[in-house]
Amino acid sequence: MRNRNSRRITFVLLCLALLPISTLGRQLVLVLSQEDLKEAAADSTNLVDDPSDTGFDDFIDSEAKPDYVLDPGSWSPIFEPATAPQVHLEHEGAYYSSVSKIVKAYSRGDERAMEEAASEIEAAASAGHPHAQSILGFLYGMGIGRERSKAKSFLYHHFAAEGGNMQSKMALAYTYSRQEMHDKAVKLYAELAEVAINSFLISKDSPVIEPVRIHSGAEENKEALRKSRGEEDEDFQILEYQAQKGNAGAMYKIGIFYYFGLRGVRRDHTKALTWFLKAVEKGEARSMELLGEIYARGAGVERNFTKALEWLTLASKQQLFSAYNGLGYLYVKGYGVEKNYTKAKEYFEKAADNGEAGGFYNLGVMYLKGIGVKRDVKIASKNFITAFDAGQPKAFYQLAKMFHTGVGLKKNVPLASSLYKLVAERGPWSSLSRWALESYLRGDVGRAFLLYSRMAELGYEIAQSNAAWILDKYGERSMCLGESGICSDEERHQRSHALWWQASEQGNEHAALLIGDAYYYGRGTERDYDRAAEAYMHAKSQSNAQAMFNLGYMHEHGQGLPFDLHLAKRYYDQALEVDHAAKLPVTLALGSLWIRKNYANGILVNVIDSLPEVYPKVEAWVEDVLMEEGNATILTLFVCLLTVLYLRERQRRHVAAAAGEVAFPHQLGEQGVPVIH
């Protein structure tokens, strides 16, 4: 059978419209309330006038460092071997050999190879190797080749974190956060955010690897995937061709792709430098600022502050206002110029006056630390909030510190932890997302699932939903390996349920809907209408139309919620108000509601109530009988024949009727008697 799931008859679609189903989710957006932003009372223990106070970082030294330095134990030498020197690989050879075996075994679904690799990791972990302990914590947490144990997972991550493994610190911070142990979570996230922010740029946003959601609800997100194919993407190849032919704009864009690692292109600062230099030769002014960044950071080239100053100065003269941030940075640090806080402030003010978020952030740092100005925490917080509203990630970091300590803002540890987490997730360990996506695009679903699962453990919501979706979508082809071999259907359902649950906790309304569906239908867990209603209420709180529809359905049938036709109608109406595309199912549901209200004991009510039981049988019949290739062909021909016969008969009647209408007024008299001439 071909394309079974894509073929449905109208009757089945209409029946399905009456059942609780799930639609797309929207990401949770962190919103700061006025209460959150309330300025704390001045406290002499918090307001320290000494600029050397290390309670807050000032201007971070943004020297480019490789992932294996910022993220010890990183898997980058496996997926990007050119990024790590041979000495590093030789030093950690046994560890990387075992991790490579795990990746390959999972990709093939090879149980024996996985057991062998897991045993090697366990031996290294027992010998005190922190990165091996981190991997073993992951295996126990997921139940891969080992009995699933949250306690053992936590223990190994704890030891690994003590040994300096950053990814285990992420896993622990996320665990503490889920348990609302915010005092412990905030300390780890603060440390991780500081590591992440050290990889950020000077005048531009951070070199973020944006995780891509590979699905849109129940379907694959084809548009997002199409834009993530890197150098294999047709659009990129066309752009590269134009650049090679001398198009300056194309050169600049290619340089941007390589510098930031956009649209699936591997980050390559050396290639970026080459393209920016070519673009400048063709008169592309925007490349000047990026060249200044590259030389200031030493990204793909030896650090040279003199050249950085030259390029940033040229860029500022071309009205590229964000370049003022780079110039201010050089003056405040005294790099390539004599340190001059007054000039630095002037440059930051020019950037801010032209709407550059980085300018507000940098001014905030100066006022917070009292660098070249009188210390004023109120002005600092105002600038940070402005930069935060514009999405400046460094502002997230400084606001997190202010909420953490209560300096200038009302102390709020849970909010500080959330802000730190947003920054920490931009750290070098986010490379896992790129490798997972590349694996998925190559059709290596098993490897993609393994990498997304590792990210899910670190608290990335998109990775949690991607891993869960792969399990649901691909089933056995997901290469899911459990405690003793390939996952059973029940094991996959349980893992999927756990991953969706974690995603729903972080505001993924689609995940909340799926959790509701899991409890409603008893998929991967026991049927529980009460918990289903709770999950739907969680999704409804984010103005999700499908959740409102489902709650109306449950009120209409008294499942998990009180039988209440008035509340059912209210939810149906709200669903239509939120999403006008829900008109058909809402209209059908309101029709069902009207029948139930006016013919409570009628046969139509019994028919409606039987639809949930009838639909799966009808669907199976459609797939197993009508959708068989031979039967479908015969049915199609039969329908075509009936259509032709119907159209011919209608045409014949239309001609006959038209002829009768022409004759009637002329041939009949007033009494209906034929007129004889």
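Residues numbered from 1 in each chain as written. Predicted model: local features only at pLDDT ≥ 70, side-chain atom pairs only at ≥ 80, totals over all residues. Heavy atoms only, no water.

Labelled according to an unreviewed UniProt entry, the protein chain appears under the name ERAD-associated E3 ubiquitin-protein ligase component HRD3A, originating from Solanum verrucosum. Its UniProt record gives the protein chain a comment under Sequence similarities (unreviewed entry), which states: "Belongs to the sel-1 family." As stated in UniProt under Subcellular location (unreviewed entry), the record for the protein chain gives "Endoplasmic reticulum membrane". (UniProt positions renumbered as here; feature names shortened; annotations may be inferred.)

Q: Mind laying out the overall build of the protein chain, listing which residues take part and the relevant values?
A: Of the regular secondary structure elements, the protein chain holds 33 helices and four strands. A total of 677 residues make up the protein chain; the buried ones form 50% of that total. In the protein chain, the proportion of contacts linking residues at least 24 apart, taken out of those at least 6 apart, comes to 60%. (Helix = DSSP H or I, 4+ residues; strand = E, 2+ residues; numbered from the N terminus. Buried < 20%, exposed > 50% of the residue type's maximum accessible area, 1.4 Å probe, protein only. Contact = heavy atoms within 4.5 Å.)

Q: Residues and numbers for the side chain of Glu284, please.
A: Assignment of secondary structure puts Glu284 in the loop between helix H14 (269-281) and helix H15 (286-297). Each residue touching Glu284, except ones within four places of it in the same chain, is listed here: Ala248, Gly249, Tyr252 and Ala279.

Q: Describe in detail the pattern of salt bridges, supporting the description with residues and values.
A: With the rule as written, the count across this model stands at 21 salt bridges. Across the pair Glu120 and Lys101 runs a salt bridge, and its minimum N-O distance is 2.7 Å. Here the residue Glu120 occupies a position in helix H6 (residues 111-126), and Lys101 occupies one in helix H5 (residues 93-108), the gap between them amounting to 19 residues. We classify Glu120 as partly exposed; its relative accessible area is 27%. A salt bridge links Glu349 to Lys345, with the nearest nitrogen and oxygen atoms 2.4 Å apart. One end of the pair is Glu349 and the other is Lys345, both in helix H18 (residues 341-353) and four residues apart, which spans about a single turn. Of the residues examined, Glu349 reaches a relative accessible area of 28% and is grouped as partly exposed. Owing to a relative accessible area of 18%, Lys345 belongs among the buried residues under this scheme. Residues joined by salt bridges that share partners form a network here, namely Glu80, Arg266, Arg434 and Glu438. (Salt bridge = Lys/Arg side-chain N within 4 Å of Asp/Glu carboxyl O.)

Q: I'd like a description of the packing of H14 against H15, backed by residues and values.
A: At a closest axis distance of 9 Å, the pairing of H14 and H15 adopts a crossing angle of 140 degrees. Between H14 and H15 the crossing geometry is left-handed. Here H14 contributes His269, Leu273, Phe276, Leu277, Ala279 and Val280 to the contact with H15, which in turn contributes Ser287, Met288, Leu290, Leu291, Ile294, Tyr295 and Arg297. Broken down by class, the residue content of the contact of H14 with H15 amounts to ten nonpolar, two polar and one charged. (Axes fitted to C-alpha atoms, helices over the stretch in contact; angles between N-to-C directions. Left-handed = near helix turned anticlockwise from the far one by under 90°. Nonpolar A, V, L, I, M, F, W, Y, C, P; charged D, E, K, R; others polar.)

Q: Describe the state of the cysteines, listing the residues and the values that go with them.
A: Using the criterion set out here, one finds one disulfide in the structure. Here Cys480 is linked by a disulfide to Cys487, with a sulfur-sulfur distance of 2.0 Å. With the S-S bond torsion at -60 degrees, the cross-link from Cys480 to Cys487 turns out left-handed. Taking the relative accessible area as the measure of exposure, Cys480 reaches 2% and is therefore buried. Under the relative-accessibility criterion, Cys487 is labelled buried at 4%. (Disulfide = S-S within 2.5 Å.)

Q: Kindly report on the packing of helix H30 (residues 565-578) against helix H31 (residues 583-598), identifying the contributing residues and their values.
A: Look at H30 against H31: their axes get within 9 Å of each other, and the N-to-C directions meet at 165 degrees. By the angle between their axes, H30 is roughly antiparallel relative to H31. Once H30 is placed against H31, the crossing between them reads as left-handed. Each of Leu565, Ala568, Lys569, Tyr572, Asp573, Ala575 and Leu576 in H30 lies in contact with H31, whose residues at this interface are Lys583, Val586, Ala589, Leu590, Leu593, Arg596 and Lys597. Taken together, the residues of the contact of H30 with H31 break down into nine nonpolar, no polar and five charged. (Parallel < 35°, antiparallel > 145°, perpendicular 65-115°, else oblique.)

Q: Quick rundown of the environment of Leu291? Include the residues and the values.
A: Along the polypeptide, Leu291 turns up in helix H15. Leu291 sits in the buried class, given a relative accessible area of 0%. Leu291 has contacts with Leu273, Phe276, Leu277, Val280 and Trp311, leaving out every residue within four places of it along the chain.

Q: Got a sec to walk through the confidence of the model for the protein chain? Specific residues and values, please.
A: Interpreting fine coordinate detail is not advised for predicted regions of low pLDDT. In this model, the protein chain carries an average pLDDT of 79, and 76% of its residues clear a pLDDT of 70 or more. Scored below 50 in pLDDT, residues 1-32 makes 83 contacts in the model with residues more than four places away or belonging to other chains. In the predicted structure, residues 661-677 sits below a pLDDT of 50 and forms seven contacts with residues beyond four places in sequence or in another chain. (pLDDT = per-residue confidence, 0-100.)

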